[in-house]
Each structure stands twice: as structure tokens, then as C-alpha cells.
Amino acid sequence: MFDHLGFGVTNLAESKAFFLSTLRPLGVSVAMESPYGVGLGRNGKPSMWLHETKEMPARLHIGIAADTRAEVDAF
């Protein structure tokens, strides 16, 4: 159902280190990284995106997976 989520953090480097250390037992590592943020996940697929922001509260992005365009249209 949920494909990925993304949210802003106040310190990208600290948040990246925290989530990598806490999620490492689940096989999570850096899947993608750019100047804008970092995607963490398993097997090279980012499931959680972090980006640095001063916005309070930070925006939350939730990606929902669908198998077909018909499912998207029905949603």
C-alpha cells in the first residue's frame, strides 16, 4: 500500500546517522543521495526520504503504490 514517505528534518546529517543506526538491523542503508536529501531503504530502493528544512512543521510526503492506472483512477 505505502510505497515511500518523505519528511523534513532540521539537521540532515544527524538525522541520516540516527536513522541508519536504528534501521540497520532491518537491512536499511543509503539507497540514493543528492544535494537535496537522502533516500534510505533496502535492496537499493528508497522507502524513506529525508531533506533538510527550517519549515515548522515540516511537510510530510506519502507515496502510495498501485499496480495499475485503473487503481489510481479509482483511488
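Located above this text is the structure these notes cover.
About the thresholds
Residues numbered from 1 in each chain as written. Predicted model: local features only at pLDDT ≥ 70, side-chain atom pairs only at ≥ 80, totals over all residues. Heavy atoms only, no water. Salt bridge = Lys/Arg side-chain N within 4 Å of Asp/Glu carboxyl O. Helix = DSSP H or I, 4+ residues; strand = E, 2+ residues; numbered from the N terminus. Buried < 20%, exposed > 50% of the residue type's maximum accessible area, 1.4 Å probe, protein only. Phe/Tyr/Trp six-rings, centres within 6.5 Å; stacked < 30°, edge-to-face > 60°. Pairing = 2+ DSSP bridges. Axes fitted to C-alpha atoms, helices over the stretch in contact; angles between N-to-C directions. Contact = heavy atoms within 4.5 Å. Expected span 1.5 Å × (residues − 1). Arc of directions from axis to C-beta.

### Quick notes on the pattern of salt bridges
- As enumerated under the stated definition, the model contains four salt bridges in all.
- Between K16 and E33 there is a salt bridge; the shortest N-O distance is 2.8 Å. Of this pair, K16 sits in helix α1 (residues 12–23) while E33 sits in strand β2 (residues 29–34), placing them 17 residues apart in sequence.
- R59 is paired through a salt bridge with E55; the nearest N and O atoms lie 3.0 Å apart.
- Using a relative accessible area of 62% as the deciding quantity, one classes R59 as exposed.
- For E55, a relative accessible area of 31% corresponds to the partly exposed category.

### Quick notes on the packing of aromatic side chains
- As enumerated under the stated definition, the model contains two aromatic pairs in all.
- Ring geometry for F7 against F19: centres 6.0 Å apart, planes inclined by 70°, an arrangement best described as edge-to-face. Placement of F7 in strand β1 (residues 2–9) and of F19 in helix α1 is noted, with a sequence separation of 12 residues between them. As far as the burial class goes, F7 and F19 line up, both buried.

### What about the sheet that holds strand β5 (residues 60–64)?
- Spatially, five strands are ordered β2-β3-β4-β1-β5 in an open sheet, and the strand pairing comes out mixed. Looking along the sheet, the strands with just one partner apiece sit at the ends: β2 and β5. Strand-to-strand twist in this sheet, taken as the mean axis angle between neighbours without regard to direction, amounts to 20°.
- The sheet strands contacting α1 are β1, β2, β3 (37–42) and β4 (45–52), and the helix crosses β4 at an angle near 150°.

### Quick notes on α1
- The end-to-end C-alpha distance of α1 is 16 Å, a good match for the 16 Å that 12 residues give at a rise of 1.5 Å each.
- Taken together, the buried positions of α1 are occupied by L12, S15, F19 and L20. Projected down its long axis, α1 shows its buried positions confined to an angular sector of 125°, all on one face. Residues of α1 that are exposed and point more than 90 degrees away from the buried face comprise A13 and E14.

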